[in-house]
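Residues per chain are reported as follows:
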Amino acid sequence: MLRIDEFATRLKGVRKGARDWSALCPAHDDHNPSLTFRADGRGIRFHCHAGCTRAEVLAAMGLEEKDVFEPDDRGSRRSSIEATYDYVDEAGRLLYQTVRRFPKKFCQRRPATPMDPPDRIARDPDGREWVYSLKGPDGKPVRRVLYRLPEVVAAAGDGRMVFVVEGEKDADAMAALGVVATTSPQGAGKWEDVFAAPLATAARIVVCPDNDPPPSKPKDRGFPGQRHAADIVRSLLRAGVAPDRIRVLEFPGVKDASDWIAAGGTKDALRDLVGDAPTGPEWLAAWEPRLGSGASNGSMAPVASPDDDPRPTVVLVGDLAVLMDLVVRALVDSSGDRPEVFRSADGSLLLVVRRGDSGPTIRTLGDDSVRILLARLIRFVRIDPRTGAESAVSPPEHVVKSLRAEPPPELPTLVRIVTAPVVGRDGAFLTTPGYHPGSMTFYAPEEGFSVAPVPDDPTPGDVAAARELLLSPLCDFSFTTASERAHAVAAMLLLFVRELIRGPTPMHLVTKPTAGSGGSLLCDVFSLVGTGQTAPVGTEIPNDEEGRKRLTSIFLAAEPIVLLDNIHDVVQGSALAAALTSEWWSDRILRESRMVRLPVRCLWLGTGNNPSAKHEMVRRIVRIRLDTGLERPADRPRESFRFPDLKGWVREHRGDLVHAALTLVRAWQRAGSPSGARNLGSYEAWAAVMGGILDVAGIPGFLANLDEFRGETDSEEEANRSFVTAWHDKFGDAVVGVSDLLPVASNDLNLGDGTERSQKTRLGRHLGRLRDRVVAGYRVSRAGKDGRAGTIRWRLEDAPVPPPAPDPGPDADVADVRRRGDPGCLHDATECTDCGIEYVADVADVIPMPHVRSCAPTCAHAPVYEETTRPHVCDVCEPD
């Protein structure tokens, strides 16, 4: 909660009276001070005499209700419980609870007993009965214990490390990080020597004080968090704990453990901080002079001078535009050639790269994170206008909010993180760790990971060896056709060439007849090769607003792989369908009113046991079918596999597998980057790149199973074809109504179990969706309305057959052939040396074979050239 002077600094025209302060109201165009405010011990009471509401004033000041508490609003909000923390004994029996109320206020309560007077018992919304006291019905105090006591006892008994923090919230946050943490009840200053006994046998006891400020007034003691830590250290020493087993860890740049974790702290980083932390006696020796009688002078560790502080210095000035220019310049200069702060592709968000146990991720910065970041990178100082004295200050709030609201364009743009060398937008390999501005990519390899240099011009032997190595981890999977295996290789290669694909990519759906066939394991292989981590498992994307929120979170973090595991029955969802065909995703940021536009660059994976798909989803999927032919494939003996520990083998040979993938990509580039022979609507760029790489690598079958997959999977389209066929068999091209078609449709379409009227309504809507579509060779057409009943009439028409392309003739010139869209190749030879297809014209002065570039579905080996009087020019790469 803000102090009255902090509140006043956010206003203009401030005047301090005998009792009240006055200022210009920020919520309206105020010329005469109409806002009055004062502090009354519970918060700040303020009132706009022009009629602005409290919410309007707070919004104009960039504040929330929790920042300024008004005593007039202390009813339900003040009494609302925000959190409860259970204190239990060694056996897990509840002794009492600490209750956190709004605003930050704590109290304790114990479970009621039959001995308690009824007037002391309070019931919570769940019907449980409590007494708000730490005295029992006999008047004796309830036993005080450490928070999370059973975990502390277990850890100390096993000789593990235990953290002692200030507050239950910090203890829970540390526990979520994967360490054992505790705190004493009732806050700072309430430590008792009895609490040291359960900790005495721990391998190491790490005390984590809150970084509280020095005293602001002479009568204040100041440093309450550090005083509490000192009490704990002295108590542990009195309990006989060896001094070298006590460490005191002060989290750098933040107030407490919760803030440090929220800023991106990890378990590995915590371990490093503990290793550098001083012992308990060393920390006491440094702090006791400041905690004793000398604490009233307000001095702490001396502020670093510009000579021994590597951070650039920014002097606070009144002009916000000038101040922000200084901050941005200092922010960019502080990072140098290794930037730490980035902005999103649409320029609306501040981003940083965070390393965790599951690999590096992109994290969006909030106000608190920006404040911590600025404090770490920039030294802010204020100069006293009277004395000229310089004093270090925290990053100002208006600087923090301005930086978040308008991320400066001088910051580099970050789109994705990779953990292996990839191909950039310009076709060059990104092999140097760090940020690559041309592709807006951050390469953050795992420690110890390396890839051998890729040959500049791979030989056929290099390509064959790379192909065989890349196929090795796939040898134990029961692919039903070569096409399924080709799609598996395409999924494995996608992350390495994603920047070359200017468009969306489809979902690679691993289907199988029964569980245990290896679908999830196959997806883990794809992920381990591309990222070094197993695939992040996710469930189906809901077909509602929750689905959009989930996808927005995925794209905010720039997840490289999105896996929808164990899809049940049907692949569907409007949000998922939209994301699969989008290069950019737009949505509102959760808990904020602004929109964000995010790039979609992930590898889409899915698994399921014989799933079907909605019609709009079928064309967004390529299938990878597995079938072991066994009733229980999960029970296959270990010796039946070439790689019993496949994930372990992939991790061990990841560098070689990445080298093989990049070798195939380099061979494709040296062949002229030919496009694949097959196409997939909405995914033309993906089909061209992936098909071309697989063709050059000699891996057949790419997109060869589309018709089979669509026929088996598109249950909705199959029902439509059956319905239209039956319709034509019975009525031909006659005009009919919904009532006529209902008996026919009920055999093929799902019209529900309702009344006949309900089924007619469903059928009418379904016919509306089929209007003007060609199904089973017939066009569903609307034939007007019935004059008497006013109902819509329908009929089937023969679908028109498109006329064949005209023969250009032997004398057609290049421009005429291109104008008429002939599928042949224009080249100086008469026949393609690879596929034997004859060309439609003999054109002189063109680039000779083997310059290859797909021109049409007929031939995938020669380019189409633009009309010109000089030597013909390739319409893709333009060499003379």
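Residues numbered from 1 in each chain as written. Predicted model: local features only at pLDDT ≥ 70, side-chain atom pairs only at ≥ 80, totals over all residues. Heavy atoms only, no water.

Participant: Help me understand a positive patch on the surface, please; the structure alone is not making it clear to me.
Facilitator: A contiguous patch of positive charge, built from K614, R762, R765 and R769, is present on the exposed surface. With respect to the helices, strands and loops of the structure, K614 is situated in the loop between β32 (612–613) and α18 (615–618). Assessed through its relative accessible area of 34%, K614 is described here as partly exposed. (Patch = residues over 30% accessible without salt bridge, like charges linked within 9 Å, V, L, I, M, F, W, Y side chains within 5 Å. Areas by Shrake-Rupley, 256 points an atom, 1.4 Å probe, with all protein chains shown as cover. Salt bridge = Lys/Arg side-chain N within 4 Å of Asp/Glu carboxyl O. Lys, Arg positive; Asp, Glu negative; His and termini not counted. Charge placed at Lys NZ, Arg CZ, Asp CG, Glu CD. Helix = DSSP H or I, 4+ residues; strand = E, 2+ residues; numbered from the N terminus. Buried < 20%, exposed > 50% of the residue type's maximum accessible area, 1.4 Å probe, protein only.)

Participant: Would you explain the nonpolar core in this entry?
Facilitator: In a soluble, globular protein the nonpolar side chains are often hidden away together inside. Ranked by internal contacts, the top residues of the largest apolar core, which has 110 residues, are F555, W604, W686 and M690. The element contributing the most residues to this core is helix α14 (residues 482–497), with 11 residues. Leave out the neighbours within four places in its chain, and M690 touches A490, L493, L494, V497, I501 and F702. Within the second largest apolar cluster, 55 residues are counted, among which are V152, F223, V241 and A277. (Core = buried A, V, L, I, M, F, W, Y, C linked by side-chain atoms within 4.5 Å. Contact = heavy atoms within 4.5 Å.)

Participant: What is the right way to look at the sheet that holds strand β37 (residues 792–798) in this model?
Facilitator: In a beta sheet, neighbouring strands pair by backbone hydrogen bonds and run either parallel or antiparallel. Spatially, the four strands line up as an open sheet ordered β34-β37-β36-β35, and their pairing is antiparallel. The outermost strands of the open sheet, each flanked by one partner alone, are β34 (736–737) and β35 (774–775). In this structure, β35 lies alongside strand β36 (residues 778–785), joined through two bridges in antiparallel fashion. Counted as the bridge partner of V774 is R779 from β36. (Pairing = 2+ DSSP bridges.)

Participant: It is not clear to me how the sheet that holds strand β2 (residues 21–24) should be interpreted in this structure. Could you clarify?
Facilitator: Here we have four strands laid out as an open sheet, ordered β1-β2-β3-β4, and antiparallel in their pairing. The sheet is open, and its two borders are formed by β1 (12–16) and β4 (44–48), each paired with just one other strand. Recorded for the sheet is a direction-independent mean angle of 20° between the axes of neighbouring strands. Bridge count between strand β3 (residues 35–39) and β4: five bridges; the pairing is antiparallel. Bridge pairing in β4 links A39 to I44. (Axes fitted to C-alpha atoms, helices over the stretch in contact; angles between N-to-C directions.)

Participant: Where do I start with the pairing of strand β31 (residues 603–609) in this structure?
Facilitator: Successive residues of a regular strand alternate their side chains across the two faces of the sheet. Here β31 lies mainly inside the structure; six of its seven residues are buried. Relative to β31, strand β25 (residues 507–512) runs parallel, the two being bridged by six bridges. Across the sheet, residue M507 finds its bridge partner in β31, namely W604. Judged from the five bridges that link them, strand β27 (residues 561–567) and β31 form a sheet pairing that is parallel.

Participant: Before we go on, may I ask you to explain the side chain of R620 in this structure?
Facilitator: Following the sequence through the fold, R620 ends up in the loop between α18 and β33 (621–625). Setting aside chain neighbours within four positions, we find R620 in contact with P506, M507, A577, L580, T581 and Y683.

Participant: Would you explain the packing of aromatic side chains in this entry?
Facilitator: Each aromatic ring pair is summarised here by two numbers: the centre-to-centre distance and the angle between the ring planes. Throughout the structure, instances matching the rule amount to 18 aromatic pairs. Ring geometry for Y87 and Y147: centres 5.2 Å apart, planes at 50°, overall tilted. One end of the pair, Y87, is in strand β5 (residues 81–88); the other, Y147, is in the loop between β9 (129–131) and α4 (149–157), and 60 residues separate them in sequence. Taken individually, Y87 and Y147 each receive the classification buried, so the pair is uniform in this respect. With 5.6 Å between their ring centres and 35° between their planes, F723 and W727 make a pair best called tilted. With F723 and W727 both in helix α23 (residues 715–731), this residue pair falls four residues apart, about one helical turn. Looking at F723, the relative accessible area reads 0%, which means it is buried. On the accessibility criterion, W727 (0% relative accessible area) is buried. (Phe/Tyr/Trp six-rings, centres within 6.5 Å; stacked < 30°, edge-to-face > 60°.)

Participant: Honestly, the packing of helix α13 (residues 460–471) against helix α20 (residues 654–670) in this entry has me stumped. Any pointers?
Facilitator: Two numbers describe a pair of packed helices, the interaxial angle and the distance between the axes. At a closest axis distance of 9 Å, the pairing of α13 and α20 adopts a crossing angle of 135°. Judged on the interaxial angle alone, α20 and α13 are oblique. Where α13 crosses over α20, the handedness of that crossing is left-handed. Contacts between α13 and α20 pair D462, V463, A466, R467, L469 and L470 from the former with D656, L657, A660, A661, T663, L664 and A667 from the latter. Counted by class, the contact of α13 with α20 contains nine nonpolar, one polar and three charged residues. (Parallel < 35°, antiparallel > 145°, perpendicular 65-115°, else oblique. Left-handed = near helix turned anticlockwise from the far one by under 90°. Nonpolar A, V, L, I, M, F, W, Y, C, P; charged D, E, K, R; others polar.)

Participant: I would appreciate a short explanation of α20 in the present structure.
Facilitator: The periodicity of an α-helix, 3.6 residues per turn, causes residues three or four places apart in sequence to face the same way. In a regular helix each residue adds 1.5 Å, so 17 residues correspond to 24 Å; α20 covers 24 Å between its end C-alpha atoms and thus fits that length. Here α20 lies mainly inside the structure; 14 of its 17 residues are buried. Phi turns positive, to about 100°, at G672, one or two residues after α20. (Expected span 1.5 Å × (residues − 1).)

Participant: Would you explain the pairing of β5 in this entry?
Facilitator: Of the pairings in the sheet, the one linking β5 to strand β6 (residues 94–101) comprises seven bridges and is antiparallel in character. Bridge pairing in β6 links T84 to V99. Hairpin connection of β5 to β6: five residues between the antiparallel strands, including G92 at a positive phi of 90°.

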